[in-house]
Amino acid sequence: MTDTYTRIVSQGLGKDVARRLGLPQPVELRRHAPGAPLVIGPVLVNGDSLGADDLATALLGWGLDVRRNALPKEKLGAVILVLDAVQHPDDLGKQILTVAASLRDLSPNGRIITVSRTPHSASTPASAAARQGVDGMLRSLAKELRSGATANGVLLAEDIATTAPSALGAVRFFLSGRSAYVDGQFLTVTSASGSMPADVDKPLQGKVAVVTGAARGIGAAIARTLYRDGAKVVVVDIPAAGDHLAAVANQVHGTALQLDITRDDAGARIIEHAVERHGRLDIVVHNAGITRDRLLANMDEGRWQSVIAVNIAAQLRINEVLLASEHFKDAPRIISVASTSGIAGNRGQTNYGASKGGVIGMVRATAPLMESFGGTINAVAPGFIETEMTAKMPFAIREAARRLNSLKQGGLPVDVAEAIAFLATEPAGGINGGVLRVCGQQLVGA
Ligand code: NAI
């Protein structure tokens, strides 16, 4: 599961040799550590709209070193392009080109963040063109950055201020080491719901979370991250994984529930366990998933059906029970693990792609139902993540999959966990029905 190549070419002689031979040059990514600064270096907030002024003021309130104009040759930790008032594609160049030269001064692991409005809500074709232009610009810029720097965007619905809780929450997430492996992506803020947590280091204090498939891999990392952020965690996995599950439950000072999520009574058992043992249920993370890869020409019914049953049908059934429960009405959160295979497709994974595309469809359609009682549902779609599953891939295929992204390395389970933990927090209360890819901006497919 280790990426030895990244460690060798990150420094010293290895770095020199990789550069001379034109080999991929991944760097070790800056990941979140409790107490670490949000961003390393000054933050340039570019833009002359009211929204830019307000955002700059809010960032000053976080104690960040905020600039409204770049100083020559000053190393920057982040550049935030506030483009909330663009009306025409002509407006883009005027503003974006003023920061172009500053990009050379971006620190390693630096951040570019755009804050703009959703194209589909634009009132004129010119404004829609400008807004959609931000999308194309940002995704291209992300591919130009080096040394672990990333570019991501926050999209605001029409009446949402740049300082709405989830706008600030999303900016904070993208600035931080929590988003280390998120690149070339957008978070859409659909409502002004949400609030900043009382304690930014323990944003999930007082919440009870359930994580399925938590005996190992990404699920275990999600459990550890939610616990680190203050939640009481229930870990769920099949009885055969009982020993590993108990070990994870111990690590996170939580409780274990041995349960096959495809059982008819899975939803009821989850609610019953959380409420009986911990008094409430706030967050459900649908992480359990399986692969049974075969080219479609060789696919059998067992492989197809088992993947659909675990990866999507179980989630649909559990959600129905959650949505009907009186115990899941206090601003609850559901976060589902999808996959880039469900977006861009992957050879040998028609069954898996169908199940993970299904997760995205389910999330979009469930969002309005959750909103009716102040809840949210979102999906996180990982790309290549270093787990036991991907360690078993043949060497050449694994190496290709690992490098074919803008950060030229695989993600870690904690990268997926950080995105999920953010979506579970109060500041993400205005983000509903979205899909966030954690894939280092995978270069293949959509
Ligand atoms: P993993 O195979 O290491 O862990 C999955 C866990 O789910 C296992 O502990 C397994 O026992 C459990 N599980 C399977 N069927 C279950 C059932 N019926 N009831 C309860 N638990 C069950 O997988 P990994 O890599 O940690 O993946 C976690 C999630 O992330 C999955 O949904 C997977 O599809 C998704 N994913 C993983 C990627 C990767 O690169 N590893 C990429 C994209 C998505």
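Analysis parameters
- Residues numbered from 1 in each chain as written.
- Predicted model: local features only at pLDDT ≥ 70, side-chain atom pairs only at ≥ 80, totals over all residues.
- Heavy atoms only, no water.
- Helix = DSSP H or I, 4+ residues; strand = E, 2+ residues; numbered from the N terminus.
- Rg over C-alpha atoms; globule rule 2.2 N^0.38 Å.
- Contact = heavy atoms within 4.5 Å.
- Areas by Shrake-Rupley, 256 points an atom, 1.4 Å probe, with all protein chains shown as cover.
- Lys, Arg positive; Asp, Glu negative; His and termini not counted.
- Charge placed at Lys NZ, Arg CZ, Asp CG, Glu CD.
- Buried < 20%, exposed > 50% of the residue type's maximum accessible area, 1.4 Å probe, protein only.
- Pairing = 2+ DSSP bridges.
- Right-handed = clockwise from strand over helix to strand, strands pointing away.
- Phe/Tyr/Trp six-rings, centres within 6.5 Å; stacked < 30°, edge-to-face > 60°.
- Lys NZ or Arg CZ within 6 Å of the ring centre and 35° of its normal.
- Near = heavy atom within 4 Å.
- Polar contact = N/O pair within 3.5 Å; in protein donor to acceptor, adjacent residues only side chain to side chain.
- 1 Å grid on protein atoms, 1.4 Å probe; cavity = no way out; pocket = protein on both sides within 12 Å on 5 of 7 lines; lining within 4 Å.
- Sits in = over half its atoms within 2 Å of the grid points.
- Expected span 1.5 Å × (residues − 1).
- Axes fitted to C-alpha atoms, helices over the stretch in contact; angles between N-to-C directions.
- Parallel < 35°, antiparallel > 145°, perpendicular 65-115°, else oblique.
- Nonpolar A, V, L, I, M, F, W, Y, C, P; charged D, E, K, R; others polar.
- Points joined across faces, edges and corners; volume = space filled by probe spheres on them.
- Domains from an automatic or database assignment.
- pLDDT = per-residue confidence, 0-100.
- Salt bridge = Lys/Arg side-chain N within 4 Å of Asp/Glu carboxyl O.

Undergrad: Quick one: what's the story with the overall build of the protein chain, residue by residue and with numbers?
TA: A tally of regular secondary structure across the protein chain gives 14 helices and 13 strands. Relative to its length of 446 residues, the protein chain is compact, with a C-alpha radius of gyration of 21 Å against a globular reference of 22 Å. Along the first, second and third principal axes, the C-alpha set of the protein chain runs to 60 × 50 × 45 Å. Within the protein chain, counting contacts between residues at least 6 apart in sequence, those at least 24 apart form 73% of the total. Looking at the protein chain as shown, the accessible area adds up to about 18500 Å², and 55% of this sits on carbon and sulfur atoms. Charged side chains of the protein chain number 45 positive and 41 negative; the gap between the two group centres comes to 7 Å.

Undergrad: Quick rundown of the pairing of strand β1 (residues 43–46)? Include the residues and the values.
TA: Side chains Val-43 and Val-45 of β1 all project onto a buried face; the interleaved residues Leu-44 and Asn-46 project onto the opposite face, where all are buried too. By the bridge criterion, two bridges tie β1 to strand β2 (residues 66–67) in an arrangement that is parallel. In the strand pairing of β2, Leu-44 is matched with Arg-67. In this view, the connection linking β1 to its parallel neighbour β2 by way of helix α3 (residues 50–61) has right-handed handedness. Bridge analysis of β1 against strand β3 (residues 76–82) gives four bridges, and the strand direction is parallel. Residue pairing across strands places Val-43 opposite Ala-78, the latter belonging to β3.

Undergrad: Would you mind going over the packing of aromatic side chains in detail, with residue names and values included?
TA: Tallied over the full model, the rule gives two aromatic pairs. Ring plane angle 50° and centroid distance 5.6 Å describe the contact between Phe-173 and Phe-174, whose orientation is recorded as tilted. Exposure remark for Phe-174: the relative accessible area of 1% places this residue in the buried category. Here the aromatic residues Phe-173, Phe-174 and Phe-422 are joined through ring pairs into a cluster of three or more. One residue, Arg-172, lies across the ring of Trp-62, its end atom 4.8 Å from the ring centre. In this arrangement the basic side chain of Lys-329 is found over the ring face of Phe-373, its NZ or CZ atom lying 4.5 Å from the centre.

Undergrad: Account for the environment of Glu-371, naming residues and giving values.
TA: Along the chain, Glu-371 falls in helix α11 (residues 350–371). Sequence separation of Glu-371 and Ser-191 is 180 residues, and the distance between their C-alpha atoms is 9.7 Å. Those residues in contact with Glu-371 that sit more than four places away from it in its chain are Ser-191 and Asn-432.

Undergrad: Provide a residue-level description of the site of the ligand, including the pertinent values.
TA: Looking at the ligand, there are 26 residues lining it, with Arg-216, Ile-218, Asp-237, Asn-287 and Tyr-352 nearest. Taking Arg-216, its side chain carries an N or O atom lying 2.8 Å from an oxygen atom of the ligand. Between the ligand and Gly-383, the relevant distance is 3.4 Å, taken from an oxygen atom to a main-chain nitrogen or oxygen of the residue. Considering the ligand on its own, with 830 Å² of exposed area, one finds that the protein chains cover 93% of that surface. The pocket occupied by the ligand, as judged from atoms lying within 2 Å of grid points, is the largest pocket. Secondary structure elements with two or more residues in the shell around the ligand: α7 (217–228), α11 and α12 (388–391).

Undergrad: Give me helix α5 (residues 125–144): which residues, what numbers.
TA: Residues lying three or four places apart along an α-helix face the same way, a consequence of the helix completing one turn every 3.6 residues. Taking 1.5 Å per residue as the helical rise, α5 with its 20 residues ought to reach 28 Å, and the 29 Å between its terminal C-alpha atoms agrees with that figure. Within the sequence span of α5, burial applies to Ser-127, Ala-130, Arg-131, Val-134, Asp-135, Met-137, Leu-138, Leu-141 and Ala-142.

Undergrad: Provide a residue-level description of the packing of helix α4 (residues 89–100) against α5, including the pertinent values.
TA: Two numbers describe how α4 lies on α5: the axes approach to 7 Å, and their chain directions differ by 45°. On the basis of their axis angle, the class for α4 and α5 is oblique. Contacts from Pro-89, Leu-92 and Ile-96 in α4 reach Ala-126, Ala-129, Ala-130, Gly-133, Val-134 and Met-137 in α5. Each residue belonging to the contact of α4 with α5 can be placed in one class, and the counts come to eight nonpolar, one polar and no charged.

Undergrad: Lay out the layout of surface pockets in plain terms, naming residues and giving numbers.
TA: In this structure, the largest pocket occupies an estimated 1600 Å³ of space. Lining of the largest pocket is provided by 50 residues; of these, Thr-291, Gln-349, Tyr-352, Met-389 and Thr-390 occupy positions nearest its centre. For the lining of the largest pocket, the secondary structure elements donating two or more residues are α7, α11, α12 and α13 (395–403). Each residue belonging to the lining of the largest pocket can be placed in one class, and the counts come to 24 nonpolar, 18 polar and eight charged.

Undergrad: Which residues make up the pairing of strand β10 (residues 283–286), and what are the values?
TA: Here β10 shows no split at all, with Ile-283 and Val-285 on one side and Val-284 and His-286 on the other all buried. Note: strand β7 (residues 208–212) against β10, three bridges, orientation parallel. Within β10, the residue paired with Val-211 across the bridge is Val-285. Examined bridge by bridge, β10 and strand β11 (residues 333–337) share four bridges and lie parallel to one another. Its bridge partner lying in β11, Val-284 is registered against Ile-334. For the crossover that starts at β10, traverses helix α10 (residues 301–324) and ends in the parallel β11, the hand is right-handed.

Undergrad: With reference to specific residues and values, describe the domain arrangement of the protein chain.
TA: Here the domain parsing of the protein chain yields domain 1 (1–29), domain 2 (31–189) and domain 3 (208–438). Between the C-alpha centres of domain 1 and domain 2 there is a distance of 29 Å.

Undergrad: Describe the confidence of the model for the protein chain, listing the residues and the values that go with them.
TA: Low-pLDDT portions of the prediction should not be read for the details of their coordinates. Residues of the protein chain with pLDDT of at least 70 account for 98%, and the chain-wide mean is 95. The spread of mean pLDDT over the elements of the protein chain runs between helix α2 (residues 12–21), the lowest at 72, and β7, the highest at 99.

Undergrad: Explain the side chain of Asp-84 residue by residue, including any values.
TA: Among the secondary structure elements, Asp-84 is positioned in the loop between β3 and α4. For the buried Asp-84, no salt bridge is present, and the opposite-charge side chain at shortest range is Arg-117, 4.2 Å distant. Beyond its immediate stretch of four places on either side in the chain, Asp-84 contacts Ser-49, Gly-51, Val-115, Ser-116, Arg-117 and Thr-162.

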